[in-house]
Amino acid sequence: MRYSAIPALLAAMTLPVLAQPMPPADQPPHPFGPAITVQGTAEVRSDPEVAIVRLGVVAQAPTAQAAQQRASGVASAILAAVRELGVSEAQVQTSDLSLSPLYANNPSPEAGNEPRITGYQATNTVSVRLEVMDQVGQMIDAGLKAGANRVDGVDFGLKDEGPARARALQQAVLQARRKAEAIAGSLNVHLGEVLGAEEGGGETVTPRFAPRGVVAMSAPASTPVSAGQITTSATVTVRYRISP
């Protein structure tokens, strides 16, 4: 019979826990009190400062050595044309060099229907970095005249994206401030100090001339190239304290 007091004792021990007061429902969810959180975005456009021109040659021959020699000969002519335009060797590099076999469309039954090599294809691509945009069209024309049969495109860019990124961030912050002021005015409250800010990312969109893999059939009288502009974007999230 002495064990009958245990359930009552356990119930008495749990009563203080169940009787603890709950936190008030109107307690602010954030330790800094009421706030407005806004997001600002901005884009900055800049003129290109650098252009990467890629000129190449594709050569085919019955033997691997002959195909490679043909491609190398044209590549050397392209490099000579580049030097004639006053471009330094530091601005030129070989960006693609490959040699692969060519196979017959229909395998030979005598060879057990295995793929039959009919020749070889060699590719050689030269990338040239230019800092004078007026030279882009001249470079393409000179490469085609030297024997290039591929124009693998032109990429435009900036020497340093830092200044454009900084301007985009500054404008994004200003837009966020204007949004916060508009919201505060509509709510009839006062906008206080900044409680926090976070960069939400951004990107740089660069223009590109000619899709990769275009085969140049013949050299035009002059190749017009319009660089366009480079777009740098930024996003910023800002949190402001508000008061009545």
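What you are looking at is a predicted structure, and each value in this text was computed from that prediction instead of being measured. Here the residue numbering is sequential within each chain, running from 1 through the sequence in written order. Reporting in this predicted model follows two pLDDT cut-offs: at least 70 for local features of residues, and 80 or more for side-chain atom pairs to be given and counted; totals over whole chains, interfaces and linings ignore these cut-offs and use all residues. The basis for every side-chain value is the complete set of heavy atoms in the structure, and neither hydrogens nor water enter the calculation.

Trainee: For this particular structure, what's the right way to read the overall build of the protein?
Mentor: Helix and strand assignments follow DSSP, with helices taken as H or I runs no shorter than four residues and strands as E runs no shorter than two, numbered in order from the N terminus. Along its length, the protein carries 4 helices and 10 strands. Order of helices (α) and strands (β) in the protein, N terminus to C terminus: α-β-β-α-β-β-α-β-α-β-β-β-β-β. Taken over 244 residues, the protein has a buried fraction of 30%. What makes two residues a contact is simply this: any of their non-hydrogen atoms within 4.5 Å. Here the analysis covers contacts within the protein between residues at least 6 apart in sequence; of these, 85% occur between residues at least 24 apart. Partly exposed residues are those whose accessible area sits between 20% and 50% of the maximum for their type, while under 20% is buried and over 50% is exposed, using a 1.4 Å probe and protein chains only.

Trainee: Is there a simple way to explain a negative patch on the surface in this structure?
Mentor: Residues qualify for a patch when their relative accessible area is over 30% and they have no salt bridge, like charges being joined within 9 Å and the nonpolar side chains of Val, Leu, Ile, Met, Phe, Trp and Tyr within 5 Å. For accessible areas, the Shrake-Rupley method is used with a probe of radius 1.4 Å. Any residue's cover is judged against the shown protein chains and nothing else. One speaks of a salt bridge when a side-chain nitrogen belonging to Lys or Arg is within 4 Å of a carboxyl oxygen belonging to Asp or Glu. A residue counts as positive if it is Lys or Arg and as negative if it is Asp or Glu; His and the chain ends are not included. Charge positions are represented by NZ for Lys, CZ for Arg, CG for Asp and CD for Glu. On the surface, a cluster of negative charge is made up of Asp47, Glu49, Asp160 and Glu161. Residue placement: Asp47 occurs in the loop between strand 1 (35-46) and strand 2 (50-61). By relative accessible area, Asp47 is classed as exposed at 51%.

Trainee: How should I be thinking about the nonpolar core in this particular structure?
Mentor: Where a protein is soluble and globular, its nonpolar side chains tend to be buried together. Joining through side-chain atoms within 4.5 Å is the link that ties buried Ala, Val, Leu, Ile, Met, Phe, Trp, Tyr and Cys residues into a set, and such a set is a nonpolar core. Among the nonpolar cores identified, the biggest contains 26 residues, and Val53, Val128, Val136 and Met139 are the most heavily contacted of them. Elements with a minimum of two residues in this core: strand 2, helix 2 (64-84), strand 4 (117-130), helix 3 (135-145) and strand 5 (150-157). Residue contributions to this core peak at 6 residues, all from strand 2. With 11 residues, the next largest nonpolar core counts Ala42, Ala172, Ala176 and Tyr240 among its residues.

Trainee: Would you explain the pairing of strand 4 in this entry?
Mentor: The two faces of the sheet receive side chains in turn, since in a regular strand these alternate between them. Both strand 2 and strand 4 contribute to a ladder of 11 bridges, which runs antiparallel. Within strand 4, the position partnered with Gln60 by the bridge is Gln121. DSSP-based pairing: two strands are paired if at least 2 bridges between them are found.

Trainee: Honestly, helix 2 in this entry has me stumped. Any pointers?
Mentor: Each α-helix turn comprises 3.6 residues. Residues three or four places apart therefore point the same way. The terminal C-alpha atoms of helix 2, which comprises 21 residues, lie 31 Å apart, in line with the 30 Å expected from a rise of 1.5 Å per residue. Lining the buried residues of helix 2 we find strand 2, strand 3 (92-103), strand 4 and helix 3. One or two steps after helix 2, the chain reaches Gly86, where phi turns positive at roughly 85°. What a helix is expected to span follows from its residue count: subtract one and scale by 1.5 Å.

Trainee: Help me understand helix 4 (residues 162-187), please; the structure alone is not making it clear to me.
Mentor: Spanning 26 residues, helix 4 covers 38 Å between terminal C-alpha atoms, matching the ideal 38 Å at 1.5 Å per step. Looking at helix 4, one finds that the buried residues are Ala164, Ala168, Ala172, Ala176, Ala180 and Ala184.

Trainee: It is not clear to me how the pattern of salt bridges should be interpreted in this structure. Could you clarify?
Mentor: Between side chains of opposite charge, a pair can form when the charged atoms approach closely. According to the stated counting rule, one finds 7 salt bridges in the structure shown. In this structure, the salt-bridge partner of Arg150 is Asp152, at a minimum N-O distance of 3.1 Å. Across the pair, Asp152 and Arg150 agree in class, each one buried.

Trainee: Looking at this model, I keep getting lost on the environment of Leu195. Mind explaining?
Mentor: Topologically, Leu195 is positioned in strand 6 (residues 190-201). The exposure class of Leu195 is partly exposed, given its relative accessible area of 22%. A C-alpha to C-alpha distance of 6.3 Å links Leu195 and Arg241, two positions 46 residues apart in sequence.

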